[in-house]
Amino acid sequence: MTQTINNNQNGNINSKADISAIEAAEEIKLNDLAPEQQLELEKLKLDLDMASDADREAEEVTKTPPRRLVIVDGGKGGVGKSMWTRGFLQTCIDEKRRIVAVDADNSNPDLLRYYGENGEHCQIQQLNIFKDGSIDRFFDHVKRMMEPEPDTYNQLPPPESLFLLELPPQSRQIFKRFIEQEFLETAANDYDIRVTMVVVISRVSDSVKQLIDLYSFCGNKVDYIVVRNLFYGEESEFSRYSNSSIVQEIKQELLKAEIPLFDITMPDLLEYAYDYLDEKSLTFSEGIKQKELPGVKMRVKSWLKTFKQQICPVKHLLGLESINVEIF
């Protein structure tokens, strides 16, 4: 859009001109202009301001966040993977961040049980990773969700950019074979999506071995988040992880490659409160809003607030621009 403003011999303002000339026109003292000139100039400035605001709003609407696939590792069971996944999903919902969550644990589909299939800001899908070819079809579906086509009403659905996949226990070998078929290269080149691996560990040495094994075939092609589940003890008690020479070597290799590996913790939720949520199939949000057991409300509210504080340092890896730790 170009417009010029000129002072002619009659003192009229020509509305066709360069925007840059408007800035020069602003230097004209309004007292030197006739009243009708002042009104015309003010109208023109108002129109330009409104156009700029509209352009900024349109840019915000069309701007797509960076694409991110967060995969919660499915090596060892019983370490708290589902708990962390539900906490992250609840955070996204609270932040009104659109997310597609995939529950691949068909024997115990926690995400579906607690959150259902569709919500205002999330949708839950199922995946049977043990069925041959299912994971391939799923990632093709991811591509279509990132670049959607118009629906039957010729309306374009909003593109998805954040995906959460919780792998079931004992699925490591299947996932490893998929990675060895150059999925990570395809994700980067064809999907333009970055993968973050989340590894939840307990204090036992087997948890550390799971991380080392994961690095052996993912290498520096993914980002890493190691979550120490405080259900198993205080931070200082994870010595098998902290003192592992192999883990230290991995960290150094990733540091040289400028690939993040973050250590964070997950707070312990009192067993009494956890059992109540489990018995009622309540989300963390519902556990906070319920009035039957105020003690449970207090415990869940505190847990979720601490959880959000712990993931703040890695919010950019998790596809979250901001995290509000104030809970209801």
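Every chain begins its residue count from 1, and numbering advances along the sequence as written. Owing to the predicted nature of the model, reporting of local features is limited to residues with pLDDT of at least 70; listing and counting of side-chain atom pairs is limited to 80 or more, with chain, interface and lining totals taken over all residues. Water and hydrogen atoms were dropped before computing side-chain values, which therefore reflect all heavy atoms in the structure.

In the nomenclature of an unreviewed UniProt entry, the protein is known as Chromosome partitioning ATPase, Mrp family, containings Fe-S cluster of Nostoc flagelliforme CCNUN1.

Explanation requested: the overall build of the protein in the structure shown.
The way it works is that DSSP assigns letters per residue, a run of H or I at least four long becomes a helix, a run of E at least two long becomes a strand, and they are numbered from the N terminus. The number of helices and strands found in the protein is 13 helices and seven strands. Under the scheme applied here, a residue whose accessible area is under 20% of the maximum for its type counts as buried, over 50% as exposed, and between as partly exposed, the area being computed with a 1.4 Å probe on protein chains only. Within the protein, the fraction of its 328 residues that count as buried is 45%. The criterion used for residue contact is that any of the two residues' heavy atoms lie within 4.5 Å. Contacts in the protein between residues at least 24 apart in sequence constitute 68% of all its contacts with a sequence separation of at least 6.

What exactly am I supposed to notice about the packing of aromatic side chains here?
Each aromatic ring pair is described using two quantities: the centre-to-centre distance and the angle formed by the ring planes. When the centres of two rings from Phe, Tyr and Trp lie within 6.5 Å, Trp using its six-membered ring, the rings pair. Their planes under 30 degrees apart give stacked, over 60 give edge-to-face, and anything left gives tilted. Under the counting rule described, the total for this entry stands at 11 aromatic pairs. Geometrically, the ring pair formed by F178 and F183 is tilted, given 4.9 Å between the ring centres and 35° between the ring planes. For F183, a relative accessible area of 5% puts it in the buried group. Ring centres 5.0 Å apart and planes at 85° place the aromatic pair F231 and Y232 in the edge-to-face group. Taking relative accessible area as the criterion, Y232 reaches 25% and is therefore assigned partly exposed. What links up through ring pairs into an aromatic cluster is the set W84, F88, F284, W303 and F307. For a lysine, the NZ atom is tested; for an arginine, the CZ atom; a charge sits over a ring if that atom is within 6 Å of the ring centre and within 35 degrees of the ring normal. Lying over the aromatic face of Y114, R86 brings its terminal NZ or CZ to 3.8 Å of the ring centre.

I would appreciate a short explanation of the nonpolar core in the present structure.
Looking at soluble globular proteins, one finds that nonpolar side chains tend to be buried together. L69, F139, L165, F175, F183 and Y224 are the most contacted members of the largest nonpolar core, which has 45 residues in total. The contact partners of Y224, leaving out residues within four places of it in the chain, are M197, L214, Y215, C218, G219, L254, P260, L261 and F262. Take the buried residues of types Ala, Val, Leu, Ile, Met, Phe, Trp, Tyr and Cys, join any two whose side-chain atoms come within 4.5 Å, and each joined set is a nonpolar core. Within the second largest apolar cluster, 40 residues are counted, among which are V200, I264, I311 and V314.

Teacher, can you tell me more about helix α6 (residues 172-180) here?
Structural remark: α-helix, 3.6 residues per turn; residues separated by three or four positions point the same way. Considered for burial, the residues of α6 that qualify are R172, I174, F175, F178 and I179. Viewed end-on, α6 has its buried residues packed into an arc of 165°, placing them on one side of the element. If you follow the buried residues of α6, they end up packed against β1 (67-72), α5 (134-146), α7 (183-191), β5 (193-201) and α8 (205-218). Taken from the residues just after α6, E182 is the one with a positive phi, measuring 70°. To obtain the arc, one takes the directions from the helix axis to the C-beta atoms.

Looking at this structure, how should I read the pattern of salt bridges?
When charged atoms on two side chains of opposite charge get close, those side chains can pair. A carboxyl oxygen of Asp or Glu within 4 Å of a side-chain nitrogen of Lys or Arg is what we treat as a salt bridge. On inspection of all chains with the given rule, the structure shows 14 salt bridges. Where R113 meets D110, a salt bridge forms, and the shortest distance between an N and an O atom there is 3.6 Å. One end of the pair, R113, and the other, D110, are both in helix α4 (residues 110-115), three residues apart, so they sit about a helical turn from each other. Here D213 makes a salt bridge to R172, at a shortest N to O gap of 2.6 Å. Linking D213 in helix α8 with R172 in helix α6, this pair joins segments that are 41 residues apart in sequence. You can call D213 partly exposed: its relative accessible area is 26%.

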